[in-house]
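In case you want the letters, here they are:
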Amino acid sequence: MVSTGCLLLGGQPALADEGPPGAPPAPVNPGPSPLQSWIDNTIPAPPITPSQSTGDDRSALWHAVLPSSSGDPMFDAWPGNLADLAPGDLIDSRDVTAGVSTLMTTPIRQALLLKFRSTSAAGAPSFGTATLIVPAAAWTGPGSRPVQVNTLPINALGVKCTPGYAMSRGRPDSEVNTFLPTIWTALDQGFAVLLPDHEGPRMSYAEPKVAGHVVLDSIRAVRSTLPDEFHDSRYATAGYSGGAIAAYAAAMMVNEYAPELSGALVGTAAGGLVTDYSTVAHRLNGNIASGILLAVTLAMAREHPDILDYMNHFAQWLATSPLKDICGEADGPLGAVGIPVEVAADIDHTLDSGIADEIYRQTELTDQTSADPLFIYHGAHDIWIPYESAQQMFRQQCERGVPAIFRTDPGEHIIAMLTGFTEATDWLGRRLRGEPAPDECPTPH
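Conventions and cut-offs
- Residues numbered from 1 in each chain as written.
- Predicted model: local features only at pLDDT ≥ 70, side-chain atom pairs only at ≥ 80, totals over all residues.
- Heavy atoms only, no water.
- Helix = DSSP H or I, 4+ residues; strand = E, 2+ residues; numbered from the N terminus.
- Buried < 20%, exposed > 50% of the residue type's maximum accessible area, 1.4 Å probe, protein only.
- Contact = heavy atoms within 4.5 Å.
- Disulfide = S-S within 2.5 Å.
- Axes fitted to C-alpha atoms, helices over the stretch in contact; angles between N-to-C directions.
- Parallel < 35°, antiparallel > 145°, perpendicular 65-115°, else oblique.
- Arc of directions from axis to C-beta.
- Pairing = 2+ DSSP bridges.
- Polar contact = N/O pair within 3.5 Å; in protein donor to acceptor, adjacent residues only side chain to side chain.
- Core = buried A, V, L, I, M, F, W, Y, C linked by side-chain atoms within 4.5 Å.
- Expected span 1.5 Å × (residues − 1).

1. So, the overall build of the chain
Alright, step 1. On a plain count of helices and strands, the chain comes out with 17 helices and nine strands.
Alright, step 2. Counting over 445 residues, the chain shows a buried share of 59%.

2. As for the side chain of H213
Alright, step 1. Inspection of the secondary structure puts H213 in helix α8 (residues 208–225).
Alright, step 2. Residue class for H213 comes out buried when judged on its relative accessible area of 8%.
Alright, step 3. Not counting residues up to four positions away in its chain, the partners in contact with H213 are S118, T119, S120, M253 and Y257.

3. A closer look at the state of the cysteines
A disulfide bridge is the covalent bond that connects two cysteines by way of their sulfur atoms.
Alright, step 1. According to the stated counting rule, one finds two disulfides in the structure shown.
Alright, step 2. One disulfide bridge connects C161 with C327, the sulfur atoms lying 2.0 Å from each other. Taking the torsion about the sulfur-sulfur bond, which here is approximately -85°, the covalent link between C161 and C327 counts as left-handed. Of this pair, C161 sits in the loop between β4 (147–150) and α5 (163–168) while C327 sits in the loop between α13 (313–319) and α14 (328–331), and the two are 166 residues apart along the sequence.
Alright, step 3. Disulfide connectivity for the chain, with bonded cysteines indexed by sequence position, reads 1-2, 3-4.

4. Description of the packing of α8 against helix α10 (residues 242–257)
Alright, step 1. Interhelical geometry of α8 versus α10 gives an angle of 70° and a closest axis separation of 7 Å. Viewed along their axes, α8 and α10 adopt a mutual orientation that is roughly perpendicular. Packed against α8, whose contacting residues are P208, K209, A211, G212, H213, V215, L216, D217 and R220, the element α10 presents I245, A246, A249, A250, M253, V254 and Y257 at the interface.

5. Structural notes on helix α11 (residues 277–284)
Alright, step 1. Taken together, the buried positions of α11 are Y277, V280, A281 and L284. Viewed along the axis of α11, the buried residues span an arc of 100°, placing them on a single side of the element.
Alright, step 2. Against the buried residues of α11 lie α8, α10, α12 (290–303) and α15 (354–362).
Alright, step 3. Backbone geometry just downstream of α11 places G286 in the positive-phi region, at approximately 75°.

6. Describing the sheet that holds strand β3 (residues 125–135)
Alright, step 1. Taken in spatial order, the nine strands make up an open sheet running β1-β2-β3-β5-β4-β6-β7-β8-β9, and their pairing is mixed. Of all the strands in the sheet, the pair left with one neighbour each is β1 (90–95) and β9 (404–409). Adjacent strand axes in the sheet meet at a mean angle of 20° when their direction is disregarded.
Alright, step 2. Examined bridge by bridge, strand β8 (residues 374–379) and β9 share six bridges and lie parallel to one another. When the sheet's bridge partners are listed, L374 is paired in β9 with A404.
Alright, step 3. Each of β4, β6 (235–240), β7 (265–271), β8 and β9 is contacted by helix α17 (residues 413–432), which is oriented at about 165° to β8, the strand it contacts most.

7. Let's talk about the environment of Q36
Alright, step 1. With respect to the helices and strands, the residue Q36 is situated in helix α1 (residues 34–42).
Alright, step 2. On the basis of relative accessibility, which here comes to 2%, the residue Q36 falls in the buried class.
Alright, step 3. For Q36 and V343, which are 307 residues apart along the polypeptide, the C-alpha to C-alpha distance reads 6.6 Å.
Alright, step 4. Those residues in contact with Q36 that lie beyond four places of it in its chain are G31, E342, A345, D346, I347, D348 and T350.
Alright, step 5. At 2.9 Å, the side chain of Q36 and the backbone oxygen of E342 are in polar contact.
Alright, step 6. Only 3.4 Å separates the side chain of Q36 from the backbone oxygen of A345, close enough to count as a polar contact.

8. Considering the nonpolar core
Alright, step 1. L132, L194, L216, F230, Y235 and L374 are the most contacted members of the largest nonpolar core, which has 49 residues in total.
Alright, step 2. Top contributing element to this core by residue count: α10, with 10 residues.
Alright, step 3. Apart from residues no more than four positions distant in its own chain, L132 is found in contact with Q110, A111, L112, V147, A192, V193, L194, V222, L226 and F230.
Alright, step 4. Grouped together as the second largest cluster of nonpolar side chains are 43 residues, I108, A111, C161 and M417 included.

9. A few points about α12
Alright, step 1. In a regular helix each residue adds 1.5 Å, so 14 residues correspond to 20 Å; α12 covers 21 Å between its end C-alpha atoms and thus fits that length.
Alright, step 2. Counting buried residues along α12, 13 of its 14 residues qualify, which places the element largely inside the surrounding structure.

Structure (structure tokens):
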């Protein structure tokens, strides 16, 4: 299924992403409810050995909830010299044409897996991976061959679920399979396609700053690795649902994080976009979508380890079990039993707690201005992601002078993905071919 990012509430380097110096004090939170006290008194803590280097229980738990090793150093190995590299600097590359070509309907010249320096949510050195696919046909349009940056909705907790890992082996999971036509369409038009593994090496599903950093650094890596072909290319980003978070975050973070890319990025199309994390979390909680909320909570804790302090023993068992490596087609069915997040926490009114408010604040991007034109589309009857929030984001960007379009598409979250695809794809193609972006923002009074 296509699931979506939301918010509740890091074999890797030592725990170091606890916020910048001078960060505000820990938020005040309510105590446990009677049910939460009963759970912790009944279920023992999982047997996690404290970190040998620090003796710290939280550090040990943090390492235990990180995704399992994939067995491939391209995705697992943290280089020791990350701090000496600039964001986007190439660390390694691998030709993966053999695996990727089996999944394409258009002949391709090359598929290249790139590993590059990136940045964590807290600003610490990290790394990212992305796959560049170049069609075999020569580009006959104006300028250098354009690149469509396709932020697929990975929506997963395990490294083997990423497009980079799965496609290089010719066997993507069902989430990637669902979106293969978006790749084929771009290649058919002669565009190269860049697929960032935007959840980062810790698989922090729906963490917008990690996603934005990885997307922008993947573009930097392509421009520097293949400068003759792609340094002067136009880049446009497209994403839906969980992928829309990454596309939107990249557009909002260009001016601050990668200002040299402001001229290279010519458009961002985002559908089914989450901007109001608090409202979405409340909507998903305790119903058939609760599995998504629980998966995102664990994923967010990997980049925001303060969350771990509020997980009860039941949550710790789940977070250190094989569930920590599930792919996108599995986190949705986890909600079948409708477990509310309160069952996994040791603070009452979890979604309205101080720690939840702090995470909402840390991941807020609506106060930023997009560096490129926007095409925003949303299902008229999306019951999970507020239509009004997408409209508000559109209006805010218009007020800041960003050329933008908003489309209301028939259907709920899944149907709107299909009904909005054609116009969004056409809009992206026009931007990549160099046509000026239309502006349908309301005329200021």
